[in-house]
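Architecture and fold: a report
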Amino acid sequence: MHHNMIFRKKQDILRIYVRFFAYSVTEQGGVFLREKIKTFLAVCVLILAAPYIVTLLFQGSETSTEAGKGEPVIEEKFLSQENSDKNKLDEEEYLAGIVAEEISLDSQPEAIKAQAVIARTLLAGALEREEELPESMSREEMLSLWGQDGFEQNYRVLESALTATEGEILVWEDAPIQAAFHAVSAGKTRDAKDALGTEISYLKSVDSSMDIPSHDYLNVSFMEKKDLADRLNELFPDAGLTAEGVVNEIVVAKRDAGEYVLEVAAGKHTMTGEEFRDCLNLNSACFSLKEVEGQVRIVTKGMGHGLGLSQYGANEMAKAGSDYIEILQYYYKDVELKKNHNE
């Protein structure tokens, strides 16, 4: 209001000057003088209006600056709290995604709880050793896989297992264990010393004959002799396998106590059982080959590497009344179940 009054007074003074110079122009009738007066008047307008314009600009700048300073402070405080909660939520979601990747949610609740502890142990170990994190399924992937109804039902199962085992990990000498697991054993799990060539106290061979009824326990497939020879010769040019003699040229040299192949000679090339398995995409390294009616019959037992916990066996134990702690202690010898101090 104060600035408007000042501006109006200056406008009145300007009108007096305008009338005076207009009169002068009319009396003298000079074109040159008229142009000079126009320039003079324009300068007067700018001089009179300048303080008002500058004041408005200054006020606007102050308001804008204050808003700019205030909002980030509030937003930063809010986001700081939000990020803290979000990080905690993300960790739980990540664990839920790991469990969803690793086990069928139709499994027994105690088997899913056991898998939740395994997932948390693997995540804790990866973080501690700065290794690649276990694969995790996102919410979007779960929704795409299960649909809305299936997602809500399955996520409740995941949350229940994670809540029941909150913070629990498996440790050996106060460090997260290498919680190996597989889908189905070949009737026995494997000893780490045999499978890996390294002694790991808690990864011992145990009976898992409850796996035998699994439809994944036994798999029989057939290959043409030429296809088998070509596949192995392509991967290992030094093998020198022939189509006609390929079955006899592949010789299993060594097996472990669980009957998994440790060493196999393919012609002139020697490899591990796991390498041979990977070459042919077999279910496990517990395999045998035989020629049947001009083809190669390949029989495998179990699914996976055979180390640690058998998921099918764990589910059968749960059906029989074992809880998740008993299941874990059966497959991982002499380990401790502790709360993860990092959570």
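Here is what the cut-offs are and how they apply
- Residues numbered from 1 in each chain as written.
- Predicted model: local features only at pLDDT ≥ 70, side-chain atom pairs only at ≥ 80, totals over all residues.
- Heavy atoms only, no water.
- 1 Å grid on protein atoms, 1.4 Å probe; cavity = no way out; pocket = protein on both sides within 12 Å on 5 of 7 lines; lining within 4 Å.
- Points joined across faces, edges and corners; volume = space filled by probe spheres on them.
- Helix = DSSP H or I, 4+ residues; strand = E, 2+ residues; numbered from the N terminus.
- Nonpolar A, V, L, I, M, F, W, Y, C, P; charged D, E, K, R; others polar.
- Salt bridge = Lys/Arg side-chain N within 4 Å of Asp/Glu carboxyl O.
- Buried < 20%, exposed > 50% of the residue type's maximum accessible area, 1.4 Å probe, protein only.
- Pairing = 2+ DSSP bridges.
- Axes fitted to C-alpha atoms, helices over the stretch in contact; angles between N-to-C directions.
- Contact = heavy atoms within 4.5 Å.

Some details on empty space enclosed by the protein
- Scanning the model with the defined rule gives one cavity of 30 Å³ or more in all.
- In this structure, the largest cavity spans a volume of roughly 30 Å³.
- What lines the largest cavity is L170, I325, L328, Q329, V335, E336 and L337.
- Mapped onto the lining of the largest cavity, the elements with two or more residues apiece are helix 10 (324-331) and strand 11 (336-339).
- With three residues, the top contributor of residues to the lining of the largest cavity is helix 10.
- For the lining of the largest cavity, a count of residues per class yields five nonpolar, one polar and one charged.

Quick word on the pattern of salt bridges
- Scanning all chains against the criterion turns up 13 salt bridges.
- Note that D174 is salt-bridged to K338, the shortest N-O span being 2.8 Å. Remark: K338 occurs in strand 11 and D174 occurs in the loop between strand 1 (168-172) and strand 2 (175-176); sequence separation between them is 164 residues.
- Classification of K338 as partly exposed rests on a relative accessible area of 33%.
- One salt bridge in this structure joins E316 and K319, with 3.2 Å as the shortest N-O distance.

As for the sheet that holds strand 8 (residues 287-292)
- Strand order in this open sheet of three strands is 4-9-8, and the pairing throughout is antiparallel. Edge positions in the sheet fall to strand 4 (218-224) and strand 8, since each has one partner strand and no second. Between one strand axis and the next, the sheet turns by 25° as a mean value, whatever way the strands run.
- Strands strand 4, strand 8 and strand 9 (295-301) of the sheet are contacted by helix 6 (residues 225-235), whose axis makes an angle of about 90° with strand 4.

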